Structures are given as C-alpha cells and as structure tokens.
Amino acid sequence: MYKLNEYKNAIENTNIVSKTDINGIITFVNDEFCTLCGYSKDELIGKNHNIIRHPDTPQSAFKILWDTILAGRVHKGIVKNLKKNGDFFYAQTTIIPIFDENNQIFEFIAIRHDVTQMFLLNEELANTKQKLLNLNENLELQIAEKTKNLQELNQNLEKKIQEAIKINNEQQKIIFQQNRQVILGQMLENIAHQWRQPLNELSLAIYLLHNENKKKHYKLCQKLIQNMSQTINDFRNFINPNHITQYNLLPKVIKSSLFITYQSIKKSNIKLKFIIDKNAYKIPIKCNLNELSQVFVNIINNAKDAFNNTNNFNKILTFNLSYNKDKFILKIYDNAGGVHNDIIEHIFDPYFTTKHKKQGVGLGLYICKQILNNIDATITCSNYKNGACFEIIFKGD
Ligand SMILES: Nc1ncnc2c1ncn2[C@@H]1O[C@H](COP(=O)(O)OP(=O)(O)OP(=O)(O)O)[C@@H](O)[C@H]1O
Ligand SMILES: [Mg+2]
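Remember, it's a predicted structure, so these values are computed and weren't measured experimentally.

Visitor: Got a sec to walk through the packing of helix α5 (residues 116–211) against helix α8 (residues 289–308)? Specific residues and values, please.
Guide: Across the interface, α5 lies against α8 with an axial gap of 11 Å and an inter-helix angle of 65°. Viewed along their axes, α5 and α8 adopt a mutual orientation that is roughly perpendicular. The two elements α5 and α8 cross, and the hand of that crossing is left-handed. Residue-level inspection shows F176, N179, R180, I183 and Q186 of α5 in contact with α8, the latter providing N290, E291, Q294, V297, N298, N301 and K304. When its residues are assigned to classes, the contact of α5 with α8 shows three nonpolar, six polar and three charged.

Below, the structure written as structure tokens:
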C-alpha cells in the first residue's frame with residue numbers, strides 16, 4: 001500500500017491527472033490540472049469533464065474516445081482542450097478505465113502531458129512548409145512568365161535583326177548603285193570622247209565617197225561604224241546589271257576596266273605598266289566581269305585623283321599580276337605619294353573620304369571590299385615606294 005501511494009504521488013506530481021466516474025463527472029483533479037486549465041478544484045469536482053472540451057475538437061473524436069474506454073480499453077490521443085479564460089491547450093492524453101472487483105468499470109483516470117508548445121511548433125512548421133510550397137509555386141509561375149517574356153523578346157529581337165539585315169541589304173544595293181552611276185557618268189563622257197574622232201572621220205569619208213575611190217572609203221566607213229558599235233556594246237556590257245558569276249581571265253577584266261577609264265587616264269597623262277604572269281591568260285577565275293571591273297575602275301580612279309594632287313610628271317600606274325601556289329596576286333600601285341598612315345586603316349570604311357564633296361563620297365574602296373568578299377578575294381592597302389599599293393589576293397577554287 002505504501003509503495004502504491006508512492007507511485008500515485010509520482011504520477012500526480014509529474015503529470016496532469018484527473019478522474020471521472022463512469023458518466024464523466026469529475027471526481028479528482030491534481031494541482032497541475034487546475035493550474036493548466038485555470039479552474040480551482042472546487043470549480044471542477046462534480047462537473048462533467050466536458051467543461052474543458054474545446055469546440056474545435058470534433059464530436060466524432062469524443063465518440064471514438066467513449067466507445068474505446070467504455071469497452072474497457074485504454075484510449076490515447078492528442079486533444080485540444082479549453083481553459084477557463086477561453087484559451088486552449090493541447091494535451092497528450094491517456095485515459096485508463098479502472099475496474100472494481102466485479103470487473104466492472106467504476107472510474108476513469110486521465111493522465112496528460114501538455115504538448116501545446118510542440119503542437120504549435122508543429123503547426124508553425126506545417127504553415128511554413130505550406131508557405132514554402134506556395135512560394136515555390138509562385139516562383140515557378142514567375143519563372144514561366146519570365147521565360148515567356150524572354151521568348152517573346154527573343155522573337156521580337158530576331159524579327160528586328162531580320163528587318164535590320166533587310167534594310168542593310170537595301171542600303172548596300174543603293175550604295176552599289178550610287179557608285180555605278182558615278183562610273184556611268186564617266187562612261188558617257190568617254191563615249192562622247194571616243195565617238196568624236198570616228199564621227200569626224202566618218203563625215204569626211206562620206207563626203208569623199210562622192211568624188212574619190214568609193215570602195216576604199218566605203219570600207220573605212222564600215223570599219224569606223226563597226227568600232228563605234230563595239231564601243232556601245234562594251235559599255236552596254238558594263239551597265240548591264242547581270243549578277244551571273246562566270247569564269248573570266250583576269251587580263252580581260254583589267255582590260256574592260258581600262259576601257260572605261262582610258263580617256264581620263266590619257267587626260268591625266270598617266271602611263272600604264274603591266275607585269276602579267278602568263279598563267280593569267282590560261283587560268284580563269286570565278287567572278288562577275290562587271291563587278292570585278294568596277295573594283296579596278298575604283299582603284300584606277302583613286303590613283304588618278306591622287307596623281308591630280310601631285311606635281312609628279314612621271315605618273316605610272318602599274319598592274320603586277322603574279323601567280324603563286326594556285327593563287328593570283330594582283331598589285332596595283334601608283335607613285336602618287338601614298339596614303340597617309342593616320343588614315344590608312346579607315347580607307348575601306350563606307351563614306352570615308354579625304355576628297356572634296358564633288359570629287360568623292362568615300363564609297364569606292366568599301367564597294368571594292370564587298371565585291372571581292374563575295375568571290376572570296378581579299379584587298380589590302382600599303383604604301384610602296386612613293387605611292388599606294390593595293391594588293392588583291394584571289395584565293396581560287
Ligand atoms: N591611290 C591612292 N593614293 C592615295 N590615297 C588614296 C588612294 N586610294 C584611296 N585613297 C584614299 O582613300 C580614301 C577612300 O577612297 P574611296 O575610293 O573609298 O573613296 P573616295 O575616292 O574618296 O570617294 P569615291 O570613291 O566614293 O568617289 C580616299 O578619299 C583617299 O584619301
Ligand atoms: Mg574612290
């Protein structure tokens with residue numbers, strides 16, 4: 001009996017203990033119980049245990065509880081309880097039915113631990129988890145939205161780039177056209193020049209047809225007309241904007257460019273010098289005749305302009321075409337003083353010019369570079385002796 005009391009004390013001192021009769025009427029509460037729920041012993045004894053029942057705890061939970069203990073089994077569970085002041089506490093509760101000597105239940109002992117803190121912590125943890133989940137979901141949504149925005153931006157950017165490329169291509173075409181028109185003007189001047197002489201001769205020959213040896217003058221007339229017609233054909237070939245790439249011999253292309261520039265070269269008193277490798281008359285290169293002529297015309301015109309700014313009386317423009325390791329290297333150099341070192345790296349830029357507005361717009365060399373680029377050829381400029389040297393390397397097939 002003494003030992004039993006010790007156990008009883010031990011349990012009562014370390015737990016929250018209450019007892020009810022078989023109907024749930026409180027018959028005993030320990031101090032801990034009173035402290036926890038805020039009632040005095042007097043307020044509790046004789047009352048139904050449901051005085052501390054919290055409305056949050058569902059009816060079904062109590063049904064299970066009563067079914068279990070009335071069946072004589074121990075019930076364990078965590079229950080939310082109500083304090084006198086309206087607060088709540090969670091208790092880990094074990095309810096044990098006590099039997100009398102007839103094996104009939106005569107009371108219930110409930111032993112509890114206050115697990116409010118643990119429960120609240122758990123709840124907080126669950127809340128935090130939910131928040132994290134929400135955050136994660138939000139984040140995913142935000143990422144999806146941002147990705148969509150980026151994709152749209154990307155698409156827009158691609159569209160803009162394509163538009164810019166289109167505009168650029170059109171501008172390029174305009175630039176080419178501008179350069180072509182300048183050359184065209186030069187050609188018209190040449191035609192006038194080239195025809196003046198044969199026209200004079202023609203009119204004289206026709207006049208002489210009346211009186212003198214008709215056959216001889218008739219032949220001369222025919223030859224003059226043939227030459228003039230050829231001139232027209234040559235010019236027409238140059239103007240004709242066909243973009244077909246064919247195989248051409250480089251000397252033929254050079255000749256075609258000289259044909260256009262010949263009058264101005266003559267007028268400026270420029271001597272031409274040719275050093276041409278014999279392979280150049282046998283091995284053609286893949287290019288568009290008109291476009292490549294345009295390159296040489298631009299270089300010749302630049303040399304002519306440079307000569308016009310010097311007092312040099314011995315003006316020589318050299319075409320040096322060599323062949324080495326399946327490659328043609330064409331050096332076109334003058335002795336007109338060269339390009340100033342400060343600007344030499346800019347001369348291929350579009351609209352770079354050192355000339356007066358009327359004389360140049362700064363497109364010549366830019367166009368040369370573009371045309372050569374299209375046929376896989378390169379162009380560089382350096383100063384050589386007393387002049388500028390343009391070196392073109394045709395890579396070949
Ligand atoms: N043979 C050369 N000698 C000295 N300077 C040159 C020579 N060739 C080109 N340059 C320099 O390079 C610049 C650019 O030449 P580019 O042919 O591109 O334009 P431009 O001749 O000024 O004008 P455009 O050719 O459009 O009429 C020239 O203004 C000139 O300063
Ligand atoms: Mg030029």
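Structure shown, so let's carry the discussion forward.
Visitor: Lay out the domain arrangement of the protein chain with the relevant residues and their values.
Guide: In terms of domain boundaries, the protein chain breaks down into domain 1 (2–114) and domain 2 (244–394). Each of domain 1 and domain 2 has a C-alpha centre, and these two points are 110 Å apart.

Visitor: Describe the pattern of salt bridges, and please don't skip the residues or the numbers.
Guide: Taken as a whole and judged by the stated rule, the model has seven salt bridges. One salt bridge in this structure joins D56 and K80, with 2.5 Å as the shortest N-O distance. Placement of D56 in the loop between α3 (41–44) and α4 (59–70) and of K80 in strand β3 (residues 75–82) is noted, with a sequence separation of 24 residues between them. Of the charged contacts, one joins D67 and K63 as a salt bridge, the two residues approaching to 3.0 Å between their closest N and O atoms. In this pair, D67 and K63 are both assigned in helix α4, four residues apart and thus about one turn of the helix distant. By relative accessible area, which is 53% here, K63 ends up exposed.

Visitor: Run through the packing of aromatic side chains, naming residues and quoting values.
Guide: Summed over all chains, the structure comprises seven aromatic pairs. Centroid distance F88 to Y90: 5.8 Å. Interplanar angle 80°. Geometry classified as edge-to-face. The partly exposed category is assigned to F88, whose relative accessible area is 31%. Each ring, one from Y323 and one from F328, has its centre 4.5 Å from the other, and the planes form 45°; the classification is tilted.

Visitor: Go over the nonpolar core, please, and point to the residues and values.
Guide: Residues L292, V295, F296, L330, F390, I392 and F394 are the most contacted members of the largest nonpolar core, which totals 44 residues. Counting residues per element, this core draws most heavily on α8, at eight residues. If we skip the residues at most four places from it in the chain, F394 touches L250, I285, L292, F296, K327, F328, L330, L372, I375 and A377.

Visitor: Outline the packing of α5 against helix α7 (residues 250–267), listing residues and values.
Guide: Closest axis-to-axis distance for the α5/α7 pair is 8 Å, and the angle between their directions is 70°. Judged on the interaxial angle alone, α7 and α5 are roughly perpendicular. Facing I183, Q186, M187, E189, N190, H193 and Q194 of α5, the residues of α7 in contact are F259, I260, T261, Y262, Q263, S264 and K267. Classifying every residue of the contact of α5 with α7 by side-chain character gives five nonpolar, seven polar and two charged.

Parameters and conventions
- Residues numbered from 1 in each chain as written.
- Chains lettered and ligands numbered in written order.
- Predicted model: local features only at pLDDT ≥ 70, side-chain atom pairs only at ≥ 80, totals over all residues.
- Heavy atoms only, no water.
- Axes fitted to C-alpha atoms, helices over the stretch in contact; angles between N-to-C directions.
- Helix = DSSP H or I, 4+ residues; strand = E, 2+ residues; numbered from the N terminus.
- Parallel < 35°, antiparallel > 145°, perpendicular 65-115°, else oblique.
- Left-handed = near helix turned anticlockwise from the far one by under 90°.
- Contact = heavy atoms within 4.5 Å.
- Nonpolar A, V, L, I, M, F, W, Y, C, P; charged D, E, K, R; others polar.
- Domains from an automatic or database assignment.
- Salt bridge = Lys/Arg side-chain N within 4 Å of Asp/Glu carboxyl O.
- Buried < 20%, exposed > 50% of the residue type's maximum accessible area, 1.4 Å probe, protein only.
- Phe/Tyr/Trp six-rings, centres within 6.5 Å; stacked < 30°, edge-to-face > 60°.
- Core = buried A, V, L, I, M, F, W, Y, C linked by side-chain atoms within 4.5 Å.

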